[in-house]
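Commentary on secondary and tertiary structure
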Amino acid sequence: MALRRTCLAAAVLLALPAVPAAALPPGDAQRGQAIYERCQACHSLARNRSGPRHCGLLGREAASVAGFSYSRALRESGIVWTAASLDRFLANPFKAVPGTRMGYAGVKDPQERADLIAFLAAAGPCPE
Amino acid sequence: MRDTITSLPRRSFLTAGARSTLSAGAVLLLAGCGGNKAAMAAAPEDDINILNAALGAEQEAIAAYQLGAESGLLTKPVLDLAVQFQGHHKEHAEVLAKTVRDLGGAAVEPLARYDFPSGDLKSEADVLRFAAGLEKGAVSAYLGAVPLFAERELAKAAASILGDEAMHWAVLRGALGENPVPVAFVS
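Quantities reported herein were computed from a predicted structural model and do not represent experimental measurements.

Let's talk about the overall build of chain A
- The number of helices and strands found in chain A is 6 helices and 0 strands.
- Mapped in sequence order, the helices and strands of chain A form the string α-α-α-α-α-α.
- A buried classification covers 45% of the 128 residues belonging to chain A.
- Considering only residue pairs separated by 6 or more positions, chain A has 53% of its internal contacts joining residues 24 or more positions apart.

Written out as structure tokens, the structure is:
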């Protein structure tokens, strides 16, 4: 089981394009808020919906929100959500984590991804 | 088999309404009559995952409209609209669930409880704005799903639902007194 998990995590890492974090342009949280409206069929900051909540996302291990049922692919991905890993995932979720249940083509524009990530970072931790 | 799809009588396709259109497409692809079998074989699990993501959102929308309908905040014309739109989402969910099952997957079930911001809904406008936000999100979600389908007939069916969600969004914006179609492109 451990070997399988390691192999899957390795496969995910290989699938993630080797884009250095420095490639991410500066993001604007206000613009990111408008882009986030695209996510709101499934996600919100404060509540789990058909997708998990996004408060406290930066720095969190993937698939770690209590009470949300994740795909095995994401559970075994070994990802920690940083600006760089989010940038890669948001660019093409299916390519970054094959088997993810997030059926979304991705945010293709690097500036839009940077803005979205800035908004998510600004959202801060989840209220207790 | 693709001829079966293209030989659908054009008149009935254009006049039978969304339910018939979607159902015809769904029935054909569920019966294995889809066009792009090679692509389909490449990623059937992905198609099931995309469909289930859409199904989960549709189930939430059904529950959200139920919340709005039972809120006591809606006037009769708006209530009628909410019930009509909820009916559309029920049709979407029915087709999506059947498609998932026929592709060999397990359709996701509605959540036992949805954590809606009920306390923030204090007026008809609040309910309309809440629903409009869900519909706008749904448009974006289907837009993000359409290019991913391995099976092109599924992409077509998703695009058909996208059109319906966009109409909902526009009508809800209009009911709020906002420009119903504020942009030339959705994203």
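A look at the overall build of chain B
- Check the secondary structure of chain B and you find 8 helices and 0 strands.
- Written out in order from the N terminus, the α and β elements of chain B read α-α-α-α-α-α-α-α.
- Going through the 187 residues of chain B one by one, you find that 44% of them count as buried.
- A separation threshold of at least 6 residues defines the contact pool for chain B, and within that pool the share at least 24 residues apart is 78%.
- Total accessible area on chain B is roughly 9,200 Å²; 60% of this is exposed by carbon and sulfur atoms.

Quick look at the state of the cysteines
All names here are of chain A.
- Going through the model one piece at a time under the given rule, you end up with 1 disulfide over all chains.
- Here C55 connects covalently by a disulfide to C126, the sulfurs 2.0 Å from one another. Residues C55 and C126 are joined through a disulfide that is right-handed, its torsion about the S-S bond being 95°. In this pair, C55 is assigned in the loop between α2 (29-36) and α3 (72-75) and C126 in the segment after α6 (110-123), connecting sequence segments 71 residues apart. For the pair shown, C55 and C126 are each scored as buried.
- Free of any disulfide, C39 has its nearest cysteine sulfur in C42, 8.9 Å distant.
- C42 sits in the buried class, given a relative accessible area of 17%.

Examining α2(A)
Residue and element names in this part refer to chain A.
- Looking at α2, one finds that the buried residues are G32, I35 and Y36. What you see down the axis of α2 is that its buried residues fit within an arc of 100°, all on one side.
- Buried-residue contacts for α2 involve α6.
- One side-chain oxygen at the N-terminal end of α2 lies 2.8 Å from the backbone nitrogen of Q30; it belongs to D28.

Some remarks on the interface of chain A and chain B
- Taken together, the contacts link 15 residues of chain A with 22 residues of chain B.
- A buried area of about 1,600 Å², summed over both sides, lies between chain A and chain B, and 57% of it is on carbon and sulfur atoms.
- Taken together, the connections running from chain A to chain B amount to 3 salt bridges.
- Close ionic contact of E60(B) with R49(A) constitutes a salt bridge, the shortest N to O distance being 2.7 Å.

With respect to the pattern of salt bridges
Residues and elements named next belong to chain A.
- Scanning all chains against the criterion turns up 9 salt bridges over all chains.
- Residue R31 is joined to D115 by a salt bridge in which the shortest nitrogen-to-oxygen separation is 2.8 Å. One end of the pair, R31, is in helix α2; the other, D115, is in helix α6, and 84 residues separate them in sequence.

Some thoughts on the packing of aromatic side chains
Residue and element names in this part refer to chain B.
- Applying the stated rule across the entire model yields 6 aromatic pairs over all chains.
- Their ring planes at 85° and their centres at 6.3 Å tell us that Y65 and F85 sit as a pair that is edge-to-face. In this pair, Y65 sits in helix α5 (residues 44-69) while F85 sits in helix α6 (residues 76-102), placing the two residues 20 residues apart along the sequence.
- Classification of F85 as buried rests on a relative accessible area of 4%.

Considering the side chain of S77(A)
All names here are of chain A.
- Along the chain, S77 turns up in the loop between α3 and α4 (83-91).
- Classification of S77 by relative accessible area gives buried; the value is 1%.
- Within the structure, the side chain of S77 is placed 2.8 Å from the backbone oxygen of L74, a separation counted as a polar contact.
- A polar atom in the side chain of S77 sits 3.2 Å from the backbone nitrogen of I79.

What to know about α4(A)
- In terms of residue burial, α4(A) counts as a mostly covered element, since 7 of its 9 residues are buried.
- Along α4(A), the residues classified as buried are A84(A), S85(A), L86(A), D87(A), F89(A), L90(A) and A91(A).

Some details on the packing of helix α7 (residues 124-145) of chain B against helix α8 (residues 152-175) of chain B
Residues and elements named next belong to chain B.
- Two elements in contact, α7 and α8, have axes separated by 8 Å at closest approach and are oriented at 155°. As far as their axial angle goes, α8 and α7 are roughly antiparallel. Where α7 crosses over α8, the two elements pack in a sense that is left-handed. From α7, L128, A131, A132, E135, K136, A138, V139, Y142 and L143 reach across to α8, where they touch A158, I161, L162, E165, A166, H168, W169, L172 and A175.

What counts, and at which threshold
- Residues numbered from 1 in each chain as written.
- Chains lettered and ligands numbered in written order.
- Predicted model: local features only at pLDDT ≥ 70, side-chain atom pairs only at ≥ 80, totals over all residues.
- Heavy atoms only, no water.
- Helix = DSSP H or I, 4+ residues; strand = E, 2+ residues; numbered from the N terminus.
- Buried < 20%, exposed > 50% of the residue type's maximum accessible area, 1.4 Å probe, protein only.
- Contact = heavy atoms within 4.5 Å.
- Areas by Shrake-Rupley, 256 points an atom, 1.4 Å probe, with all protein chains shown as cover.
- Disulfide = S-S within 2.5 Å.
- Arc of directions from axis to C-beta.
- Polar contact = N/O pair within 3.5 Å; in protein donor to acceptor, adjacent residues only side chain to side chain.
- Buried area = accessible area lost by both parts, 1.4 Å probe.
- Salt bridge = Lys/Arg side-chain N within 4 Å of Asp/Glu carboxyl O.
- Phe/Tyr/Trp six-rings, centres within 6.5 Å; stacked < 30°, edge-to-face > 60°.
- Axes fitted to C-alpha atoms, helices over the stretch in contact; angles between N-to-C directions.
- Parallel < 35°, antiparallel > 145°, perpendicular 65-115°, else oblique.
- Left-handed = near helix turned anticlockwise from the far one by under 90°.

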